[in-house]
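The primary structure of each chain is shown beneath.
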Amino acid sequence: MNVNAYGGNASRRGFFRAAGAAGLLWAAGGQLSLGQAGRQAGGMKVLTADPPNLEPALEGLVRSWITPVEHFYVRSHAASPELDLSKFRLSVDGLVETPFQLNLEALKTRFKSRDVVATMTCAGNRRVEFNSTREVGGVQWGAGAIGNARWSGVPLAALLKAAGVQSVARHVCFEGADAVAHGQGTIPFGGSIPIDQALAGGDASPGALVCWDMNGKPLTPDHGFPIRMVVPGYIGARSVKWLSKIIVSDQPSANHYLAGAYKLVESDEEDAWSAAPPIYRYPVNSAICVPADGAEVQPGRLQMLGYALPSGEPESTIARVEVSADEGESWHLASLVGPSKPFCWRLWRAEVAVTPRTSRLWVHATDSAGHRQPAEVDWNLKGYLYNAWHRVGIDVRG
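First, a word on what this report is: a plain description of the structure on this page. (Residues numbered from 1 in each chain as written. Predicted model: local features only at pLDDT ≥ 70, side-chain atom pairs only at ≥ 80, totals over all residues. Heavy atoms only, no water.)

### A closer look at the pattern of salt bridges
Alright, step 1. Under the criterion given, the structure shown has seven salt bridges.
Alright, step 2. If you follow the salt bridges from partner to partner, you end up with Glu296, Asp395 and Arg397 in one network. (Salt bridge = Lys/Arg side-chain N within 4 Å of Asp/Glu carboxyl O.)

### What to know about the packing of aromatic side chains
Alright, step 1. Scanning all chains against the criterion turns up 12 aromatic pairs.
Alright, step 2. Summarising the aromatic geometry, the rings of Phe189 and Tyr262 are spaced 6.5 Å apart at their centres and angled 85° between planes, so their arrangement reads as edge-to-face. On the criterion of sequence distance, the pair formed by Phe189 in the loop between strand E9 (185-187) and strand E10 (190-194) and Tyr262 in the loop between helix H7 (256-259) and helix H8 (270-275) is long-range, its members being 73 residues apart.
Alright, step 3. The class for Phe189 is buried, based on a relative accessible area of 8%.
Alright, step 4. On the basis of an interplanar angle of 75° and a centroid distance of 5.0 Å, the ring pair of Trp331 and Trp389 is categorised as edge-to-face. You can see Trp331 sitting in the loop between strand E18 (318-324) and strand E19 (332-333) and its partner Trp389 sitting in the loop between strand E22 (360-367) and strand E23 (390-396), a full 58 residues away along the chain.
Alright, step 5. Residue Trp331 is classed as partly exposed on the basis of its relative accessible area of 21%.
Alright, step 6. Joined through ring pairs, the aromatic side chains of Phe72, Tyr73, Trp141 and Trp151 make up one cluster. (Phe/Tyr/Trp six-rings, centres within 6.5 Å; stacked < 30°, edge-to-face > 60°. Helix = DSSP H or I, 4+ residues; strand = E, 2+ residues; numbered from the N terminus. Buried < 20%, exposed > 50% of the residue type's maximum accessible area, 1.4 Å probe, protein only.)

### Some details on helix H5 (residues 156-163)
Alright, step 1. Here H5 has its buried residues at Leu156, Ala157, Leu159, Leu160 and Ala163. Within H5, the buried residues cover an arc of 160° as seen down the axis, which keeps them to one side. (Arc of directions from axis to C-beta.)

Written as structure tokens, this is what we have:
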């Protein structure tokens, strides 16, 4: 039986002095609605207004290990749907023994909820840096399409257990309630993950979650209200928002955003797209958030702040972060800040000496699995998974 989801869908004192100058507070923040007023108040850069694609300023992004919702990037392929909660249902069907539908209240009461802290990052994070080699299309993300949040919901594995997954199942497909323009009509955003990933998790880690809360409050419309998937270690595209359908299948999703997008290809030929496998896990990455690119600074000791993300492999954490102020001739270890957990970023700080001859600062990270950021990455048509050494230009005056 072939069942598919349709679609197209250095010093402590010095560090805090620098942090104060940048307006940073290393403490967890609150949560705001991401309506238009909230977007403006949060200082989000509107990359596209319709659909909403919003990126935080990097200096605000590294205020805390947990990213407040008002600083959490928004990636959408269509407008956030207006859903009537009284009519909303999540369906679980396909290759299962007992298909069912649940409203939000039943989902919360019938199953034990779990929390997981996990970093989410768009596959297009740092896309704009590909343009120095050859232009790429798509939303022109800087290094801010990333955030670390506490997600609350029910483990996907629990729902699948309740439905009774058939032995021939190989994938679990997801479909959102949005309507994305595609061809002559619209399709939902969707995708799938392998069945082993869908069933993964235990007492220490719940694995993939069907989530209704983000940082202790209900999801905002822009982040998938009333429920969304969260798949730790996978690119954000696999964490489908406005989740309405879970379909167990013996095949990957036929949705455009798995079958025909979010792949590493160098040409737009149909054969290239069909032959390339979907992107699932994200690679190790890091970025400098303070100082900003192009900042004017004084000579002497300069504080640097940023984030580092381990690869999405299970149990992988950030092992070290190294920075350079001399074009990579020498590298210095940064201090890691905050908890060290799989599927989560580490914040970091460093202090380097700069002179009027210093023009750029560099960073790269290595995770516990031995994955190290490369100096360069190969270009791809859609500008996905850019994780070369991150650099910012500075103007040292004085």
